[in-house]
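Topology and contacts: notes
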Amino acid sequence: FFSLLVLCLISVVSFSTHVVGSEITYSGLGNNQYFFRVKYWVDCSSSVPINSVILRACSCSCSFNNSYTLPVLNPGGTPVFPYCSWPNSVCVSGPDAGIREYTFGTTITLGTCPDYIFYSEICCRNGSITNITNPLSTGMNVRAMLNASLAPNNSAPYITSLPVGYACCNLANT
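Summary of the structure given here. Please read these numbers as outputs of a predicted model, since none were measured by experiment.

All right, on to the nonpolar core then. Ranked by internal contacts, the top residues of the largest apolar core, which has 29 residues, are Phe36, Tyr40 and Leu110. Sorting elements by how many residues they give to this core places strand β2 (residues 33–43) first, with five residues. Leaving out residues up to four positions away in the same chain, leucine 110 has contacts with Asn32, Tyr34, Phe36, Phe64, Tyr68, Tyr116, Phe118 and Leu146.

Right under this line is the structure:
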């Protein structure tokens with residue numbers, strides 16, 4: 001039991017730079033199948049495209065520990081712009097800040113364990129962050145949980161608006 005718990009806590013890291021946000025969601029498809037989606041929002045000044053991420057899954061009660069490679073669903077990422085930065089965003093060779101959204105996904109078949117934990121980690125954070133020591137060597141870890149015995153074929157909540165905060169200079173911000 002203890003060794004399975006330790007394996008559940010070991011992280012597998014994908015590498016990029018300037019990660020600003022992330023989420024894991026899943027949608028029940030029936031017959032214990034779920035479509036898992038991992039999103040990472042990355043500062044466009046990062047020059048390293050992300051082609052896949054590792055999603056780890058574990059359950060202590062079912063002695064389950066597995067990892068899945070999720071391919072990128074939007075190669076090169078998709079630029080997301082605040083209304084004030086287009087077309088001057090660094091995402092399109094301009095000088096202003098910009099964010100690129102990477103989406104990864106795959107279908108996974110699971111059992112009916114009551115305590116699944118899913119996680120993914122990516123390195124590294126934006127170097128301009130001042131409240132993290134060494135942000136360029138600090139990763140971001142995102143987790144989700146599923147009780148497949150109480151809520152089979154359940155779906156996770158997801159972010160409906162972009163988690164990218166900008167205040168545009170000399171423009172009204174609401």
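Summarising burial for β2: eight of the eleven residues are buried, a large majority. Summarising the sheet, β2 and strand β6 (residues 99–109) pair through eleven bridges and their orientation is antiparallel. Of the residues in β6, the one forming a bridge with tyrosine 40 is tyrosine 102.

What the rule picks out here adds up to eight aromatic pairs. For the ring pair phenylalanine 36 and phenylalanine 118, a centre distance of 4.6 Å and an interplane angle of 50° mean the geometry is tilted. Of this pair, phenylalanine 36 sits in strand β2 while phenylalanine 118 sits in strand β7 (residues 116–125), and the two are 82 residues apart along the sequence. Look at phenylalanine 118 and you get buried, because its relative accessible area is 0%. A centroid spacing of 5.7 Å and a plane angle of 90° characterise the contact between phenylalanine 64 and tyrosine 116, whose relative ring orientation is edge-to-face. Taken together, the positions of phenylalanine 64 in strand β4 (residues 64–71) and tyrosine 116 in strand β7 put the pair 52 residues apart, joining distant regions of the chain. The residue whose ring lies beneath arginine 143 is tyrosine 119, and the NZ or CZ to ring-centre distance is 4.8 Å.

Scoring rules and cut-offs
Residues numbered from 1 in each chain as written. Predicted model: local features only at pLDDT ≥ 70, side-chain atom pairs only at ≥ 80, totals over all residues. Heavy atoms only, no water. Core = buried A, V, L, I, M, F, W, Y, C linked by side-chain atoms within 4.5 Å. Buried < 20%, exposed > 50% of the residue type's maximum accessible area, 1.4 Å probe, protein only. Helix = DSSP H or I, 4+ residues; strand = E, 2+ residues; numbered from the N terminus. Contact = heavy atoms within 4.5 Å. Pairing = 2+ DSSP bridges. Phe/Tyr/Trp six-rings, centres within 6.5 Å; stacked < 30°, edge-to-face > 60°. Lys NZ or Arg CZ within 6 Å of the ring centre and 35° of its normal.

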